[in-house]
Each structure stands twice: as structure tokens, then as C-alpha cells.
Amino acid sequence: MAEVSEQQKQQRAKELASELKSQKALLKKSKRQLAMVFDLNKCLGCQTCTIACKTLWTRDEGMEYMWWATVNTQPGKGTPRDWEKMGGGFRDEEPQAGKLPTRRDFGEAWDFNYDEVFYGGKGNSVHLQPSGDPDWGPNWDEDQGGGQYPNSFYFYLPRICNHCTNPACLEACPRNAIYKREEDGIVVISEERCKGYRFCTEACPYKKIYFNHVRQLSQKCIFCYPRIEKGVATACARQCPGRLRFVGYLDDENGPIHKLVKQWKVALPLHAEHGTQPNVYYVPPISPPRFDADGNIDESKPRIPTDYLKYLFGPDVEQVLATLKSEMAKTKAGGKSEILDTLIVYEWKSLFGPFTKDPATLEPRKV
Amino acid sequence: MICKKVAVAREQLIDPVAAEWKNVPAEPLKMDATPLANQPSEYIKASRDEKQIGKIRNLLVQAAHNGSDIFFRLTWEDESQNVDITDNNLFPDGCGILMPLNGGDPPIDEMGSKDWPVNAWFWRADFKDVARNTIARGLGTTQFSKQCPIQVKSTWGNAAWAVVFARPLAVPQQQSETVQLEAGKSVKIGFAIWEGSNGERAGVKSFSKEWRELALEI
Ligand code: SF4
Ligand code: SF4
């Protein structure tokens with residue numbers, strides 16, 4: 001074989017890089033983008049969304065520890081534990097190295113003694129409890145929050161895969177197994193192509209991809225696309241009693257998503273600094289006032305440190321909070337606020353854009 | 001590299017510690033890191049240092065056939081035995097043999113090409129005694145075939161792996177999926193090792209960066 005010169009090698013490397021770039025561009029392309037807005041002022045931390053997703057999508061073997069939808073108390077370590085410190089994403093468009101969370105970081109699926117307590121006749125003598133002595137779980141630091149009494153604070157942060165416009169997971173996969181659906185921008189993993197290499201999980205700055213240890217492949221939130229295709233909103237959104245999970249197309253000018261994100265600019269992506277252009281947006285939480293040393297209410301400082309909210313949602317969060325406060329002042333003075341009316345959600349179905357169908361009315365799937 | 005003709009049955013040679021292997025010449029191969037520039041992922045390129053890739057740099061290869069079956073015995077020193085994927089951040093050890101599927105001179109460092117596919121015989125520690133027959137037509141395109149004509153046995157001891165692959169020389173019913181071999185002919189061949197403790201998987205591995213000619217004795 002003829003010796004390949006250094007120059008030829010570099011030339012070939014360039015060709016390969018540009019081929020890769022055009023392949024990835026195709027996989028990233030989508031005509032429209034589905035998005036969600038979560039209003040953090042309304043989340044109860046009830047985990048109904050979490051369970052709705054679990055019962056619908058992650059009940060199979062190998063999926064026990066998966067929670068595609070999670071809700072964590074902030075400030076807190078989150079799910080997986082300390083995911084915000086695990087790197088990934090992009091800086092100046094360069095991919096950044098990330099860590100792989102362990103199963104313990106996610107929180108193992110505990111085994112409970114259901115048989116013993118419910119069917120073994122020990123209902124009065126034995127507590128329902130996980131086996132072993134777990135010291136971490138997906139919602140372990142619930143309601144701990146931050147701050148010092150009487151100025152302690154917390155809020156809930158629901159998370160799903162952000163179905164990013166520039167997905168770090170898609171960029172990382174050496175098998176082109178991850179792509180955005182052309183019709184709606186949902187990010188999916190082809191189970192046919194995935195070989196369980198887990199570069200996607202390394203690269204995702206949100207750590208929203210799980211490894212299925214039975215099937216040896218990676219799995220993640222699918223934005224309930226089989227429901228979406230039938231005009232039904234995601235399970236987490238429909239089940240949420242707090243009426244805070246909006247679903248719709250980002251470009252639908254009549255839908256609440258477009259208005260909240262683009263027109264009124266009161267919803268912001270989480271940790272946008274990672275450069276993936278997430279498509280889940282958050283209405284940031286408005287703080288109650290602080291107490292001063294004498295126990296009097298001090299309206300001058302927010303209970304939730306603005307710096308913390310900036311860390312999560314970027315510098316624009318100040319403007320958003322100012323907008324929300326001025327809208328509230330408007331209604332207090334007897335005026336009307338379209339923004340607040342939208343966020344209050346008088347009409348449940350107004351959350352779901354074009355996806356208002358009741359799943360119970362659909363024809364059962366033919367098997 | 002010679003593939004020695006022996007008169008030993010498959011049942012014996014498939015055993016990685018069989019005494020018969022002592023009579024088969026061993027070829028030491030220097031392994032290299034796969035070139036970072038060829039990784040089909042900008043993330044892999046940006047997050048790895050080529051110097052850290054390909055932890056296993058020395059491989060011993062033995063090849064023999066008995067007229068109907070061909071055998072490869074791969075041995076390499078490895079202090080950490082990485083077998084099962086018990087956690088998200090753990091990766092198994094593995095090894096592979098690469099040959100052009102239909103002859104020609106496919107690029108070994110690009111896993112073949114659209115027109116010149118390659119055939120890999122692949123084993124991973126967590127597969128236990130199961131091998132995979134793989135076809136690739138370029139970087140990131142490997143696919144396991146449904147049927148696998150390859151048998152494998154492995155053992156780890158004294159801080160070293162020994163893995164034996166066995167396959168009929170010819171597999172006429174899978175011509176489009178696995179390389180056809182014949183005594184008296186020679187074939188281009190390459191090798192790869194994945195070191196699990198170093199997070200090696202996919203194209204992140206050590207490999208013999210040029211094709212060797214393997215001559216099958218008559
Ligand atoms: S959140 Fe993570 S898994 Fe989801 S699209 Fe973005 S990078 Fe991919
Ligand atoms: S169901 Fe709604 S209110 Fe309950 S935790 Fe989820 S997002 Fe919050």
C-alpha cells in the first residue's frame with residue numbers, strides 16, 4: 001500500500017468532517033418545532049406528570065430506573081444527582097466533554113415489600129419500606145430548598161428532554177441514530193441504529209437520556225409522539241392538575257406557546273448557555289418578599305435570590321420578572337392582563353394548542 | 001502472516017487454553033489509537049485526546065485452519081477484566097477481526113466504503129460465548145447480521161485475555177454477509193481491541209492500522 005502523506009491525511013479528514021456535517025444537518029432539520037412552556041409559579045410538586053409518563057412509557061424491563069419526566073425541588077441536586085455539574089453541550093459551538101451519570105446518581109428503582117405488607121398478613125406489624133438502605137433517589141432532597149428561616153425558599157422544577165433545536169445528543173452519536181422528526185422537531189433515538197454506546201448521554205447537558213441495561217440501548221422522552229400524531233397532548237401535560245404545562249408549536253402565532261415565548265417573552269429556556277437551544281421554556285417563579293431582622297416584611301429584596309434564577313434561566317430573567325410584576329399590578333388596579341389570563345388557564349384545553357383530543361375517544365390500536 | 005494448516009478438530013482448537021495452540025506460530029502486532037479525525041462524531045473528536053485512546057498496544061495473533069474451519073486466537077495483556085455493563089458508566093472489553101467482504105482494498109481506518117464493504121468478527125466480554133458477524137460500509141455503519149456463523153470462546157487469567165474465534169472457511173449461504181475463505185489463498189486482515197476500563201467503545205479503540213496479508217496454507 002502506498003504511503004499516505006500527512007497532507008493527504010489532512011485532506012481526507014476535512015472531507016470526512018464535511019460529510020459528517022451535512023449528515024448531521026439533515027438529521028437536525030425540521031419544518032416545525034413542538035415546544036412546551038412550564039409555569040413554575042403553579043407547579044405543586046405532586047409528581048402526577050412523573051407518574052403519568054412512567055405508567056405510559058417506562059414500565060418495561062430495563063426501564064425501572066427511568067423517569068423521562070422528573071420534578072425536583074430547587075435549589076437541589078436534581079435528577080440525576082448534580083446533573084448541572086456534569087458538563088456536555090457546546091461552548092462557542094465546540095462540543096464540551098460530559099460525564100455519564102451512574103444508576104445511583106439517577107436513583108435506583110427500589111424494591112418494596114408489597115407482598116409482605118399487603119398480602120402476607122403483616123399489614124399491622126411491618127412498615128412498607130424499600131429493601132436495603134437507600135441513600136439517594138430521584139426526589140431525595142424534596143422540599144429542602146435553600147435559604148435560612150424565616151427566609152427559606154424553594155420551588156419545583158419539572159424537566160423532560162428539551163427536544164433541542166441543536167441537540168448535543170444528536171451531534172455526539174457516532175451512528176447517526178438520533179434525529180429530529182421532520183414534521184415536529186421531536187428528538188428520537190432509532191432503536192434499530194442505537195448500539196448503546198452512550199456518547200449521547202455524555203454529551204447531553206441535561207442528562208435526559210437513560211441506558212436500558214436489558215436491551216442495551218439508550219432511551220429518552222419521545223414527547224408522546226404517538227399521541228401527538230393523533231391530536232392528543234402529552235400525558236404529563238394532560239394529567240397535570242396544576243394547569244401549567246403548555247404544549248404546542250413554537251410558530252403557531254395563535255397558540256399560547258408562541259405568545260408566551262416569542263411575543264410576550266415571559267418564558268425562558270433552562271441553562272441556555274449550553275448552546276443546545278432547548279424547546280422547553282419556563283415562566284420563572286415570582287418570589288414572596290423577605291422578612292427583615294425584626295420580622296417585618298421587606299419588599300425590597302426577593303426571597304429567591306435573583307442570581308440563582310439568573311444561573312438557571314439567564315440574564316433575561318430579571319426582565320421577565322419585571323413584566324410579570326407589572327402585569328400583576330395592572331390587574332390589582334382593576335385592569336386586564338392577557339398574559340396573566342393566559343397563564344391562569346381558565347379553559348383547561350387552552351393549554352394544548354391543536355392537541356386537544358381526549359385519548360379515551362380514540363379508536364383502540366389494532367394489534 | 002500465516003494461517004497454519006493443522007489436523008486438529010474444532011472442539012479442541014476452540015478452547016483458548018488448548019495445548020494445540022502451542023504449535024501455532026504467534027504474530028505480535030503493534031496496535032495504534034484510531035485516528036481522532038476519523039471519529040464520526042464532533043463530540044468524540046472534541047472530548048477525547050488521541051493519546052488516551054487505544055490503551056491496549058500489543059496483541060498476539062495466531063491463525064490456523066483444519067481444512068474446514070478457520071480459527072483465530074487473540075491474546076493480550078489486560079490487568080482489568082471488564083465484563084458486564086453493570087452501570088451506565090461501565091464498558092466491557094472486546095476484540096474484533098476485520099477483513100474485506102469482497103476483496104479489494106477498502107480503507108481499514110474508515111471501516112470500508114460504500115462500494116467496498118468490510119466484514120468484522122466481533123466479540124465483547126459481556127456477550128460471553130457469543131460472537132457477532134458484522135458488515136460495515138464506512139464509519140459508523142456497522143450492522144450485525146441476523147445469522148452469525150462465528151463461534152467464540154474466551155478466558156481471562158493472569159491479567160490477560162485469550163479469545164478464540166472459529167468459523168467454517170466457506171459460508172456459502174451467507175455470501176453477502178461474511179467473507180468467504182479458502183486454503184491456498186490469502187486475505188487482507190486487521191484487528192481491534194476495546195479496553196473497557198478506558199471507556200473504549202465504537203470507533204474509540206486500538207487497531208492494527210494497516211492491512212496484513214494472511215496466507216492460508218494448503
Ligand atoms: S435535552 Fe439532551 S437528550 Fe434532549 S434533545 Fe437536548 S441534548 Fe438531546
Ligand atoms: S403534574 Fe403538574 S403540578 Fe404536579 S409536579 Fe408535574 S408539573 Fe407540577
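Everything below is about the structure shown above.
Our subject in this report is the structure included herewith.

What counts and how
- Residues numbered from 1 in each chain as written.
- Chains lettered and ligands numbered in written order.
- Predicted model: local features only at pLDDT ≥ 70, side-chain atom pairs only at ≥ 80, totals over all residues.
- Heavy atoms only, no water.
- Helix = DSSP H or I, 4+ residues; strand = E, 2+ residues; numbered from the N terminus.
- Expected span 1.5 Å × (residues − 1).
- Buried < 20%, exposed > 50% of the residue type's maximum accessible area, 1.4 Å probe, protein only.
- Arc of directions from axis to C-beta.
- Contact = heavy atoms within 4.5 Å.
- Axes fitted to C-alpha atoms, helices over the stretch in contact; angles between N-to-C directions.
- Parallel < 35°, antiparallel > 145°, perpendicular 65-115°, else oblique.
- Nonpolar A, V, L, I, M, F, W, Y, C, P; charged D, E, K, R; others polar.
- Core = buried A, V, L, I, M, F, W, Y, C linked by side-chain atoms within 4.5 Å.
- Polar contact = N/O pair within 3.5 Å; in protein donor to acceptor, adjacent residues only side chain to side chain.
- Near = heavy atom within 4 Å.
- Buried area = accessible area lost by both parts, 1.4 Å probe.
- Salt bridge = Lys/Arg side-chain N within 4 Å of Asp/Glu carboxyl O.
- Pairing = 2+ DSSP bridges.
- Phe/Tyr/Trp six-rings, centres within 6.5 Å; stacked < 30°, edge-to-face > 60°.
- Patch = residues over 30% accessible without salt bridge, like charges linked within 9 Å, V, L, I, M, F, W, Y side chains within 5 Å.
- Areas by Shrake-Rupley, 256 points an atom, 1.4 Å probe, with all protein chains shown as cover.

1. Concerning helix α11 (residues 317–332) of chain A
Residue and element names in this part refer to chain A.
Right, on to step 1. Here α11 contains 16 residues, and its C-alpha end-to-end distance of 22 Å stays within 8% of the 22 Å for a straight helix at 1.5 Å per residue.
Right, on to step 2. Along α11, the positions that sit buried rather than exposed are Val317, Val320, Leu321, Thr323, Leu324 and Glu327. Relative to the axis of α11, the buried residues are bounded by an arc of 160° and lie together on one face. In this structure, α11 carries Gln319 and Lys332 as exposed residues pointing more than 90 degrees from its buried face.
Right, on to step 3. The inward-facing, buried residues of α11 abut β11 (268–269), β12 (280–283), α10 (306–313) and α12 (338–344).
Right, on to step 4. Remark: Gly334 follows α11 within two positions and exhibits a positive phi of approximately 95°.

2. Some words on the packing of α10 of chain A against α11 of chain A
Pairs of packed helices are described in terms of their axes, by the angle between the two and the distance that separates them.
Residue and element names in this part refer to chain A.
Right, on to step 1. Contact geometry for α10 and α11: axes closest at 9 Å, N-to-C directions at 115°. In terms of orientation, α10 and α11 fall into the roughly perpendicular class. Two secondary-structure elements touch here, α10 through Thr306, Leu309, Lys310 and Phe313 and α11 through Val317, Glu318 and Leu321.
Right, on to step 2. In terms of residue class, the contact of α10 with α11 is built from four nonpolar, one polar and two charged.

3. Some points on the nonpolar core
Right, on to step 1. Among the nonpolar cores identified, the biggest contains 72 residues, and Val37, Val247 and Phe313 of chain A are the most heavily contacted of them.
Right, on to step 2. The element that contributes the greatest number of residues to this core is strand β1 (residues 34–39) of chain A, accounting for five residues.
Right, on to step 3. The contact partners of Val247 of chain A, leaving out residues within four places of it in the chain, are Ala35, Met36, Phe223, Ile228, Ala233, Thr234, Ala237, Ile257, Leu351, Phe352, Gly353 and Phe355 of chain A.
Right, on to step 4. Counting 34 residues, the second largest nonpolar core, distinct from the first, contains Phe72, Met99, Trp123 and Trp161 of chain B.

4. Things to note about the environment of Arg137 of chain B
Residues and elements named next belong to chain B.
Right, on to step 1. Residue position: Arg137 is located in the loop between β8 (132–136) and β9 (143–144).
Right, on to step 2. Residue classification places Arg137 among the partly exposed residues on the basis of a relative accessible area of 43%.
Right, on to step 3. Taking the C-alpha atoms as reference points, Arg137 and Pro16, separated by 121 residues in sequence, lie 31 Å from one another.
Right, on to step 4. If sequence neighbours within four positions are ignored, Arg137 has contacts with Met111, Gly112, Ser113, Lys114 and Pro117.
Right, on to step 5. Here the side chain of Arg137 touches Lys114 through a polar contact of 3.1 Å, landing on its backbone oxygen.

5. Things to note about the site of ligand 2
Right, on to step 1. Lining the immediate surroundings of ligand 2 are 13 residues, of which Cys43, Cys46, Gln47, Cys49 and Cys240 of chain A lie closest.
Right, on to step 2. Tallied by class, residues from the shell around ligand 2 come to nine nonpolar, three polar and one charged.

6. So, unusual backbone geometry
Residues and elements named next belong to chain A.
Right, on to step 1. For the bond running from Gln74 to Pro75, omega is -10°, close enough to zero to count as cis.
Right, on to step 2. Looking at the element boundaries, Pro75 is found in the loop between β2 (70–74) and β3 (90–91).
Right, on to step 3. Non-glycine residue Asp82 carries a positive phi angle of around 60°.
Right, on to step 4. By relative accessible area, which is 24% here, Asp82 ends up partly exposed.
Right, on to step 5. Not every positive phi belongs to a glycine, and Asp143 is a case in point at roughly 65°.
Right, on to step 6. Here Asp143 is to be found in the loop between α4 (114–119) and β5 (155–159).

7. What about the interface of chain A and chain B?
Right, on to step 1. Chain A puts 33 residues into the contact, and the matching count from chain B is 33 residues.
Right, on to step 2. On the chain A side of the contact with chain B, Lys195, Arg198 and Phe199 of chain A bury the most area, a combined 18% of that side's loss.
Right, on to step 3. Summed over the shared surface of chain A and chain B, the result is three salt bridges.
Right, on to step 4. In this structure, the salt-bridge partner of Glu202 of chain A is Arg201 of chain B, at a minimum N-O distance of 2.7 Å.
Right, on to step 5. Scanning the region where chain A abuts chain B turns up 18 residue pairs in polar contact (both at pLDDT 80 or more).
Right, on to step 6. Counting only elements with at least two residues in the side of chain A that touches chain B, the list comes to α1 (6–28), β4 (94–95), α3 (103–106), α5 (168–172) and α6 (199–203) of chain A.
Right, on to step 7. With five residues, α1 of chain A is the single largest residue contributor to the side of chain A that touches chain B.
Right, on to step 8. Class assignment of the residues belonging to the side of chain A that touches chain B gives a composition of 18 nonpolar, five polar and ten charged.

8. Here we look at the pattern of salt bridges
Right, on to step 1. Counted according to the given criterion, the structure contains 28 salt bridges over all chains.
Right, on to step 2. The residue Lys28 of chain A makes a salt bridge to Glu171 of chain A at a minimum N-O spacing of 3.4 Å. Of the two residues, Lys28 of chain A is situated in helix α1 and Glu171 of chain A in helix α5; the sequence distance between them amounts to 143 residues.
Right, on to step 3. Glu202 of chain A is the partner of Arg48 of chain B in a salt bridge, and the nearest nitrogen-oxygen pair spans 2.8 Å.

9. Details of the pairing of strand β14 (residues 212–216) of chain B
Every other side chain in a regular strand lies on the same face of the sheet, so the side chains alternate between the two faces.
All names here are of chain B.
Right, on to step 1. Two elements, strand β1 (residues 2–5) and β14, share two bridges in a ladder whose sense is parallel. The residue of β14 that forms the bridge with Cys3 is Leu216.
Right, on to step 2. Where strand β12 (residues 186–194) meets β14, four bridges bridge the pair, whose relative direction is antiparallel. Residue Ile189 lies in a different strand from β14, and its bridge partner there is Arg212.

10. With respect to the sheet that holds strand β10 (residues 245–249) of chain A
Residues and elements named next belong to chain A.
Right, on to step 1. Strand order in this open sheet of four strands is β10-β1-β12-β11, and the pairing throughout is mixed. The sheet is open, and its two edges are formed by β10 and β11, each paired on a single side.
Right, on to step 2. Both β1 and β10 contribute to a ladder of five bridges, which runs antiparallel. Looking at β10, one finds that Phe38 is bridged to Arg245.

11. Concerning the packing of aromatic side chains
All names here are of chain A.
Right, on to step 1. Under the criterion given, the structure shown has 24 aromatic pairs over all chains.
Right, on to step 2. Relative to Tyr206, the ring of Trp83 lies with its centre 6.1 Å away and its plane at 40°, an arrangement referred to as tilted. Within this pair, whereas Trp83 is found in the loop between β2 and β3, its partner Tyr206 is found in the loop between α6 and β8 (209–212), the two being separated by 123 residues in sequence.
Right, on to step 3. Taking the centre distance of 5.9 Å and the plane angle of 90° together, the rings of Trp110 and Trp140 count as edge-to-face.

12. Some details on the side chain of Gln33 of chain A
Right, on to step 1. Inspection of the secondary structure puts Gln33 of chain A in the loop between α1 and β1.
Right, on to step 2. Within polar-contact distance, the side chain of Gln33 of chain A engages the side chain of Lys180 of chain A at 3.1 Å.

13. Some remarks on a nonpolar patch on the surface
All names here are of chain A.
Right, on to step 1. Taken together, the side chains of Trp110, Phe112, Tyr114, Phe118, Tyr119, Leu128 and Trp140 define a hydrophobic patch exposed on the protein surface, amounting to about 760 Å² of accessible area.
Right, on to step 2. Residue placement: Trp110 occurs in the loop between α3 and α4.
Right, on to step 3. The exposure class of Trp110 is partly exposed, given its relative accessible area of 30%.

14. Some details on the pairing of β12 of chain A
Residue and element names in this part refer to chain A.
Right, on to step 1. The two faces of β12 match: Val280 and Tyr282 on one face and Tyr281 and Val283 on the other face are all buried.
Right, on to step 2. Here β1 pairs with β12 via four bridges, running parallel. Each residue of the ladder has a partner; that of Asp39, found in β12, is Val283.
Right, on to step 3. Here β11 runs beside β12; their pairing, made up of two bridges, is antiparallel. Of the residues in β12, the one forming a bridge with Pro269 is Tyr281.

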